[in-house]
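Overview (structure and organization)
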Amino acid sequence: MEEVRLAFMGFGNVGRALAQMILDKRAQVYSRYGKRLVVTAIATGSHGNLYNPKGIDLKAALKSYEAGSFTEENDADWTEDSADTIVYCGEYDVLVELSPLNIRTGQPAANRIKQALKMKKSAVSANKGPVAWYYSDLAAMAQARGGKFFFESTVMDGTPIFNLRDNCLKLCNVTGIEGILNSTTNFILKALEDGKTYEQALEEGRALGMVEADPSMDVDGWDAVAKICVLANVLMNANLHPGLVQRQGIAGITAEQLKDARGRGKTVKLMCRAKKDEFGRVTASVAPEEIDAASLYATVDGSSSAVAVTTDLMGKLTIVEHEPTIIQTAYGVFQDILRLFS
């Protein structure tokens, strides 16, 4: 039986859901792939770090994290080593990058992935930043060094967009991408359309866990910008970064504007778009748009999202993700780990 050692960078909601998934699916992974998944490191921003080259007790780690933090007194695998020390010097086969998004630089996640690939290890990521900023570099490094780099959960949780490209759209040229990719703004716009104030929409969204304490990353369009960069870079070889995307968020849109649009048979959605011109140059934008109420996009509400990919050989394909939970995001990372075995 071959061990596959995982080093977690981040242990938030996705990381903990993934850890539980590994516990629940270990026997099936061994039965199908002959692999034993072992977590040798868990690095967090505020709860301390764990490291054990023989394998961390995931059940104990989950319990300690929920109780408050990892401590030297309570956790046998507690370490004072930093996340970077673990990346550079720790024993692992796969770096699992789950740290928060840094939209301005994609760091430190990108450099950690680069280091893992440089050492001929593999990496999987739910963090959009590295792919939005450095995809071409990371893909080239993985190919040159013999490692693998997967990132299915960076856009639309575990929905198999990149798997679709890799396995079902071989030699298809993607000429355009469009979609609704940010669930927070989608929720707020629908609440405003239903007559709520912006403050009421935020309060309701926070109560449902859909809106962060600071919603600016979503409301100002940055999360959507990162996602359209990821899609364009991977599917269209765009070599974009967030600073090159035309961006307009939903701040300033009022319930009155949405009511007026609805009276004209329209609704407003924060649309992401990427297109390729006749010279092969790719441009991208994020902005609120009036959408016909009879269109598919008008039906995408709440935490749901949708993406349409236009190709030269398969025409236009649209994928809708309906009301995902954290389980779908964790599964996207989990299936990336399984892809490493194929």
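That block above? That's the structure.
Below: a short report on this structure. Quick caveat: nothing in here was measured; it's all calculated off a predicted structure. (Residues numbered from 1 in each chain as written. Predicted model: local features only at pLDDT ≥ 70, side-chain atom pairs only at ≥ 80, totals over all residues. Heavy atoms only, no water.)

1. Topic: the sheet that holds strand β1 (residues 2-9)
Selection rule: Pairing between strands requires that DSSP locate at least two bridges from one strand to the other. Note on conventions: DSSP H or I runs of at least 4 residues are helices, E runs of at least 2 residues are strands, and numbering of each starts at the N terminus.
On the basis of which strands lie adjacent, the open sheet formed by seven strands has the order β4-β3-β2-β1-β5-β6-β7 and mixed pairing. Pairing within the sheet leaves two strands with one partner each, and these edge strands are β4 (78-79) and β7 (149-150). When strand β2 (residues 35-43) meets strand β3 (residues 49-51), the two strands line up antiparallel, connected through three bridges. Residue A41 lies in a different strand from β3, and its bridge partner there is Y51.

2. Quick look at the pairing of strand β11 (residues 282-292)
In the sheet, strand β9 (residues 246-247) pairs with β11 via two bridges, with the strands oriented parallel. Bridge pairing in β11 links R247 to V286. Two strands pair when backbone bridges link them, and strand β10 (residues 266-276) and β11 are joined in this way by 11 bridges, in the antiparallel orientation. In the sheet register, K275 faces β11, and the bridge partner there is T283. Counted between consecutive antiparallel strands, the loop separating β10 from β11 contains five residues, among which G280 sits at a positive phi close to 85°.

3. So, the sheet that holds strand β13 (residues 316-321)
The strand order across the open sheet formed by six strands is β9-β11-β10-β8-β12-β13, and the pairing between neighbours is mixed. Each of the sheet's edge strands pairs with one partner strand only, and the pair in question is β9 and β13. As paired elements, strand β8 (residues 174-180) and strand β12 (residues 305-311) share six bridges and run antiparallel to each other. When the bridges of β12 are listed, G179 appears paired with V307.

4. Focus on the nonpolar core
In summary, soluble globular proteins display a tendency toward joint burial of nonpolar side chains. Note the cut-off: Residues belong to one nonpolar core when they are buried, are Ala, Val, Leu, Ile, Met, Phe, Trp, Tyr or Cys, and are joined through side-chain atoms within 4.5 Å. We call a residue buried when its accessible area falls under 20% of the maximum for its residue type, exposed when it is over 50%, and partly exposed in between, using a 1.4 Å probe and counting protein chains only. The contact definition used throughout considers only heavy atoms, calling two residues in contact when any of these lie within 4.5 Å.
If you look at the biggest cluster of nonpolar residues, it comprises 65 residues, and the most contacted ones within it are L95, F162, I177, I228, L231 and L235. In terms of residue count, helix α10 (residues 222-236) provides more of this core than any other element does, 11 residues in total. Apart from the residues within four sequence positions on either side, F162 is in contact with F151, E152, T154, V155, V230, L231, V234 and L235.

5. Let's talk about a nonpolar patch on the surface
As a reminder of what qualifies: Here the term patch refers to residues with relative accessible area over 30% and no salt bridge, with like charges joined within 9 Å and nonpolar side chains (Val, Leu, Ile, Met, Phe, Trp, Tyr) within 5 Å. Using a 1.4 Å probe, accessible areas were evaluated by the Shrake-Rupley method; residue-level cover was limited to the displayed protein chains. The term salt bridge refers to a side-chain nitrogen of Lys or Arg lying within 4 Å of a carboxyl oxygen of Asp or Glu.
Judged by side-chain polarity, L171, L313 and M314 come together as a nonpolar surface patch covering roughly 390 Å² of accessible area. Residue placement: M314 occurs in the loop between β12 and β13. Assessed through its relative accessible area of 48%, M314 is described here as partly exposed.

6. Some words on helix α7 (residues 183-193)
Of all 11 residues in α7, nine are buried; the element is thus mostly enclosed. Against β8, α8 (198-207), α9 (216-219), α11 (255-263) and β10 lie the buried residues of α7.

7. What about the pairing of β12?
Extensive coverage of β12 is indicated by the burial of six of its seven residues. Of the strand pairs in this sheet, β12 and β13 are connected by six bridges, and their pairing is antiparallel. Among the inter-strand pairings, A306 is bridged to a residue of β13, identified as V320. Hairpin geometry of β12 and β13 is characterised by an intervening segment of four residues between the two adjacent antiparallel strands and by a positive phi of about 65° at G315.

8. A few points about the packing of α7 against α11
Condition: Lines fitted to C-alpha atoms define the axes here, with helix axes fitted over just the stretch in contact, and angles between the N-to-C directions of these axes take values from 0 to 180 degrees. For classification, angles of less than 35 degrees are called roughly parallel, those exceeding 145 degrees roughly antiparallel, those between 65 and 115 degrees roughly perpendicular, and all remaining angles oblique. When residues are sorted by character, Ala, Val, Leu, Ile, Met, Phe, Trp, Tyr, Cys and Pro go into the nonpolar class, Asp, Glu, Lys and Arg into the charged class, and all the rest, Gly among them, into the polar class.
Direction vectors running N to C along α7 and α11 enclose 75°, while the axes themselves pass 8 Å from each other. With respect to α11, the axis of α7 lies roughly perpendicular. Facing L189, L192 and E193 of α7, the residues of α11 in contact are A255, L258 and R262. The residue makeup of the contact of α7 with α11, split by class, is four nonpolar, no polar and two charged.

9. So, the side chain of T185
Within the fold, T185 resides in helix α7. Apart from the residues within four sequence positions on either side, T185 is in contact with D218, V219, I250 and L270.

Fair warning: the whole summary comes from geometry, so function is off the table for now.
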